[in-house]
Amino acid sequence: MRLTNYFLPVLKESPSDAEIISHQLMMRAGMISQSSSGIYSWLPLGLRVLKKIESIVREEQDFAGVNEILMPTIQPAELWKESGRYEDYGKEMLRINDRQDREMLYGPTNEEQVTDIFRRSIKSYKELPQLLYHIQWKFRDELRPRFGVMRGREFLMKDAYSFDLNQEEAKLSYYKMFIAYLRTFERLGLNAIPVAADSGPIGGNLSHEFSIVADTGESEIFCDKNLLEISIDENIYSSNDKIIDVVENYLKFYSATDDKHDAKKFNNLVSKDNQVTGRGIEVGHIFSFGDKYSNPMKASIIGNDGKMSNVYMGSYGIGVSRLVAAIIETSNDEKGIIWPTSVAPFLVNIINLKNKDDKCMDKCIEIHNDLERSGIDSIVDDRDESAGKKFSDSDLIGFPVTLVVGPRELENGNVEIRFRREGNNQIIPYDNVLKIIKNKLFEE
Ligand code: 5CA
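Let me begin by describing the structure that accompanies this report. (Residues numbered from 1 in each chain as written. Predicted model: local features only at pLDDT ≥ 70, side-chain atom pairs only at ≥ 80, totals over all residues. Heavy atoms only, no water.)

## Focus on the overall build of the chain
Inference 1: Within the chain, the secondary structure is distributed over 13 helices and 23 strands.
Inference 2: Scaling as 2.2 N^0.38, a compact globule of 444 residues should have a C-alpha radius of gyration of about 22 Å, and the chain matches this with 24 Å.
Inference 3: If you line up the chain on its principal axes, its C-alpha atoms span 80 × 60 × 40 Å.
Inference 4: A total of 444 residues make up the chain; the buried ones form 53% of that total. (Helix = DSSP H or I, 4+ residues; strand = E, 2+ residues; numbered from the N terminus. Rg over C-alpha atoms; globule rule 2.2 N^0.38 Å. Buried < 20%, exposed > 50% of the residue type's maximum accessible area, 1.4 Å probe, protein only.)

## Notes on the nonpolar core
Inference 1: In terms of nonpolar packing, the biggest core is built from 98 residues, with Met31, Ile53, Phe185, Trp339 and Ile437 touching the most fellow members.
Inference 2: Among the elements that make up this core, the one with the highest residue count is helix H6 (residues 167-187) (10 residues).
Inference 3: Ignoring anything within four residues of it in the chain, the contact list for Trp339 reads Met31, Val49, Val324, Ile327, Ile328, Ala344, Pro345, Ile397, Gly398, Pro400 and Arg421.
Inference 4: Judged by nonpolar contacts, the second largest core, of 15 residues, contains Met71, Leu132, Val311 and Met313. (Core = buried A, V, L, I, M, F, W, Y, C linked by side-chain atoms within 4.5 Å. Contact = heavy atoms within 4.5 Å.)

## Concerning unusual backbone geometry
Inference 1: With omega at -5°, the peptide bond leading from Leu128 into Pro129 counts as cis.
Inference 2: Along the chain, Pro129 falls in the loop between helix H5 (111-121) and strand S7 (130-139).
Inference 3: With a phi angle near 65°, Asp101 is a residue other than glycine that sits in the positive phi range.
Inference 4: If you check the backbone angles, Lys298 has positive phi at about 55° while not being a glycine.
Inference 5: Relative to the elements of secondary structure, Lys298 occurs in the loop between strand S13 (275-290) and strand S14 (300-302).

## Here we look at helix H10 (residues 358-373)
Inference 1: With 16 residues, H10 extends 22 Å between its outermost C-alpha atoms, agreeing within 8% with the 22 Å of an ideal straight helix rising 1.5 Å per residue.
Inference 2: Along H10, the residues classified as buried are Cys360, Met361, Lys363, Cys364, Ile367, His368 and Leu371. Axial view of H10: buried residues confined to an arc of 165°, hence all on one face. Turned more than 90 degrees away from the buried face of H10, the exposed residues are Asp358, Lys359, Asp362 and Arg373.
Inference 3: Where H10 is buried, its residues meet strand S19 (348-352), strand S20 (378-381), strand S21 (401-405), helix H12 (407-411), strand S22 (414-419) and helix H13 (433-443).
Inference 4: Where H10 starts, the residue carrying a side-chain oxygen 2.8 Å from the main-chain nitrogen of Lys359 turns out to be Asp357.
Inference 5: Backbone geometry just downstream of H10 places Gly375 in the positive-phi region, at approximately 80°. (Expected span 1.5 Å × (residues − 1). Arc of directions from axis to C-beta. Polar contact = N/O pair within 3.5 Å; in protein donor to acceptor, adjacent residues only side chain to side chain.)

## A few points about the packing of helix H1 (residues 21-28) against helix H9 (residues 320-330)
Inference 1: Relative to each other, H1 and H9 sit at 110°, their axes nearing to 8 Å. With respect to their mutual orientation, H1 and H9 come out roughly perpendicular. On H9, the residues touching Ile21, Ser22, Leu25 and Met26 of H1 are Val324, Ala325, Ile328 and Glu329.
Inference 2: Classifying every residue of the contact of H1 with H9 gives 6 nonpolar, 1 polar and 1 charged. (Axes fitted to C-alpha atoms, helices over the stretch in contact; angles between N-to-C directions. Parallel < 35°, antiparallel > 145°, perpendicular 65-115°, else oblique. Nonpolar A, V, L, I, M, F, W, Y, C, P; charged D, E, K, R; others polar.)

## A few points about the sheet that holds strand S4 (residues 74-76)
Inference 1: One open sheet holds the 3 strands; their spatial order is S4-S6-S5, and the pairing between them is antiparallel. The sheet terminates laterally at S4 and strand S5 (94-97), the two strands that pair on one side only. Mean inter-strand twist for the sheet, computed between neighbouring axes without regard to direction, equals 35°.
Inference 2: Here S4 runs beside strand S6 (residues 103-106); their pairing, made up of 3 bridges, is antiparallel. Within S6, the position partnered with Ile74 by the bridge is Tyr106. (Pairing = 2+ DSSP bridges.)

## Side note on the packing of aromatic side chains
Inference 1: Scanning the entire structure with this criterion turns up 14 aromatic pairs.
Inference 2: Among the aromatic residues, those joined into a cluster by ring pairs are Phe178, Tyr181, Phe185, Phe210 and Tyr250.
Inference 3: Positioned above the aromatic ring of Phe346, the side-chain terminus of Arg48 is 3.8 Å from the ring centre.
Inference 4: A cation sits over an aromatic face here: Lys363 above Tyr430, 3.4 Å from the ring centre. (Phe/Tyr/Trp six-rings, centres within 6.5 Å; stacked < 30°, edge-to-face > 60°. Lys NZ or Arg CZ within 6 Å of the ring centre and 35° of its normal.)

In C-alpha cells, the structure reads:
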C-alpha cells in the first residue's frame, strides 16, 4: 500500500472538543470522523486497528471454547418486556417503531436476545454448559457521550453469555472468562486489573470490571499491588483445577471500584506500600447473575433428576472500540501515538525521501514486498511532502518501525531504521532489514 493511494486525513490541530489525548490523537491521525454526537465513522487507519483488536479478542474467546454467533442490532421490544427491563432501561435505549408499528429497539446489550436463542433449542442438562459470544455494534443513548470513542453512543462490543446447570458450573464459566480477559488484555499490551464491581443494570451478585489505570479514567479504583504480579501459564485451560486455582488466587487480594470501596477494609488488608489507587478505564466487565433472565423468560432445563430448573447465566463484555482509545491513553508521547506491535495499523512505515528518484522508489517497493511476504504489514510514504512532515506524521501515527530510504544511504546499500518506542535510529544495510525488524517486533 502506498500513502498516495490511501485515505489519510491527517490534521494539524486537534478539534477543540477533543478533551483527552486519545481523542485528539485519533482525530489528528485520521483514524475516525465524527458523524454526530458519540457516533463516528472509522477511517482506513482506525479501522485497521479496530480489526486487529477484534481479532485478538476473537482468538481468545475461541481459545477459551466460546462459540461465535452474530445477533442482530435491532431487537423486538417483546423480549425486553418479558425480562422486565424494557421500562427499567429508560432513555438510554433507542426505541424504534417499524412500519407495522411494532416496537423495536437498537440493542444496548443482548441478554434477552441470547436467552431467547437458548430456550428455543437447549432443553437438557446434557447439552450444558453453553458459551456463546458475538462482536456487534451497540447503541446506548448516553447522557454525556464524550472523549470520542471512549464513551460513544454507538460502539463495538464483544459480549459473551454462559449457560450452566448450577451455581458451581456457572462459577467455572465465569472463571474461564476471567482468564480469557487477562490473556486478551495482555496481548493488547495492557495491564488490566480485575476489580470487584457493582453489577448495575445487568444485575447479579458476582461482577468484575477490568480496568486500566490512566489519569483520564472515569472512575476510581483501589487494589492490592499483588494483583498486578500474578502470571498465568500457557496451558491454563487444560484443567478446571488450574483455572479455579489461578482465579481464586486473584480473588484473595483486595480490589474495588469506588461504589464498592471500603476504606477501613482496604487499610486493614493491604499494607501502605501495596495500596494502588488511581483512575481506571473500564475495558471489560463480567457478570454472573444466576436466573435473573432465565426465570422471567422461562429458559429452563431438565436436570439428571428429571426436574426442571432455570438455567444459570453470566454475561461478559469487552469494549472493543473503547480499547482503541484506551491503548492510546496508555501509550503515547508528545509526538503522538506509540502502538504496541499487536495492534499497530501497519508495523512498518517506509519513507521515501526522494519520490522522483526511481532507485529509491524501487527499493521502497522491494522492501515493502519482502516485508509483506513475511507477514509484516507496511506502507510506503510516497507523498510529495517534506522529509520533516513525513517524519512527524510517522511519529504521530505511531508505527512501531520507520524505515527511511534516501539516495545518499542507498548508494552505500543502507537505509535508516527508527524505532518509535525507543526513539532511536541507526543506519543498517538494506539486506538486513527483514532480519532486524523481525527480531525487534517479535521478540518484544
Ligand atoms: N451485557 C454486559 C456484558 S456482555 C454489558 O453490557 N456490560 S457493560 O455495560 O459493562 O459493557 C461492556 C463493556 O462495553 C464495558 O466494559 C465498556 O468497555 C464498553 N462500553 C460500555 N459503554 C460504552 C460506551 N458508551 N462507549 C464505549 N464503550 C462502552
